[in-house]
Amino acid sequence: MSVQMVLLPVFVLVALTFALLLWMATARARALTGKEIRIKDIALGQPNWPERATQIGNYFSNQFELPVLFYILIAVALPLRHADLVIVLLSWVFVVTRFAHAGIFVTSNNVQQRSLAWFAGVLVLLAMWLYFALRTLLLI
């Protein structure tokens, strides 16, 4: 697989993270300028943001949990030349689960649906790691 094919899902997931960062910053700035909250109420990291800003912020923070294992896998698989078609296809499936999870998280926030999307991503990432481990350890 070409480096571009392997990295494209990574770039898409990074773009989602930056989009969430900008959305969170905008929501927080609006809360401050709209007098929904005062700076002293959040200056020490207190969880006093309005609900919407908190919702977006929580999902932004979530991008530094499970996806980190995805980034590590790609960062290791690429130089070892184990990033093949299976890894690329599973990468796209993982990215789709992250977008589904994000969509649910920042809209309806239906915990049951959100959990299913999250768990689907976990299963895909687990499959990726198992595949990578077997390829690496068995020298396939």
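Residues numbered from 1 in each chain as written. Predicted model: local features only at pLDDT ≥ 70, side-chain atom pairs only at ≥ 80, totals over all residues. Heavy atoms only, no water.

Asks: I'd like a description of the packing of aromatic side chains, backed by residues and values.
Replies: Under the defined criterion, the tally for this structure stands at five aromatic pairs. Both rings, one in Y59 and one in F105, keep their centres 5.1 Å apart while their planes meet at 55°; by these two values the pair is tilted. You can see Y59 sitting in helix 2 (residues 51-62) and its partner F105 sitting in helix 4 (residues 85-106), a full 46 residues away along the chain. For the pair shown, Y59 and F105 are each scored as buried. Both rings, one in F60 and one in F64, keep their centres 5.2 Å apart while their planes meet at 75°; by these two values the pair is edge-to-face. (Phe/Tyr/Trp six-rings, centres within 6.5 Å; stacked < 30°, edge-to-face > 60°. Helix = DSSP H or I, 4+ residues; strand = E, 2+ residues; numbered from the N terminus. Buried < 20%, exposed > 50% of the residue type's maximum accessible area, 1.4 Å probe, protein only.)

Asks: Tell me what's going on with the nonpolar core, and back it up with residues and numbers.
Replies: F70, I74, F94 and M128 are the most contacted members of the largest nonpolar core, which has 32 residues in total. When neighbours within four sequence positions are excluded, F94 is seen to be in contact with L13, L66, P67, F70, G121, V124, L125 and M128. (Core = buried A, V, L, I, M, F, W, Y, C linked by side-chain atoms within 4.5 Å. Contact = heavy atoms within 4.5 Å.)

Asks: For the environment of L116, give the residues involved together with the corresponding values.
Replies: Structurally, L116 is set in helix 5 (residues 111-137). Given a relative accessible area of 59%, L116 falls into the exposed group. Taking C-alpha positions, L116 is 32 Å from R30, a pair spaced 86 residues apart along the chain.

Asks: If you had to explain the packing of helix 1 (residues 3-33) against helix 4 to someone new, which residues and values would you point to?
Replies: Between two packed helices, the angle of one axis relative to the other and the distance separating the axes together describe the packing. Packing of helix 1 against helix 4 brings their axes to within 8 Å, and their N-to-C directions diverge by 15°. In terms of axis orientation, helix 1 runs roughly parallel to helix 4. The handedness of the crossing between helix 1 and helix 4 comes out as left-handed. The segment helix 1 lies against helix 4, with M5, V6, L8, P9, V12, L13, L16 and W23 engaging V88, S91, W92, F94, V95, R98, F99, A102 and V106. For the contact of helix 1 with helix 4, the class distribution of residues is 15 nonpolar, one polar and one charged. (Axes fitted to C-alpha atoms, helices over the stretch in contact; angles between N-to-C directions. Parallel < 35°, antiparallel > 145°, perpendicular 65-115°, else oblique. Left-handed = near helix turned anticlockwise from the far one by under 90°. Nonpolar A, V, L, I, M, F, W, Y, C, P; charged D, E, K, R; others polar.)

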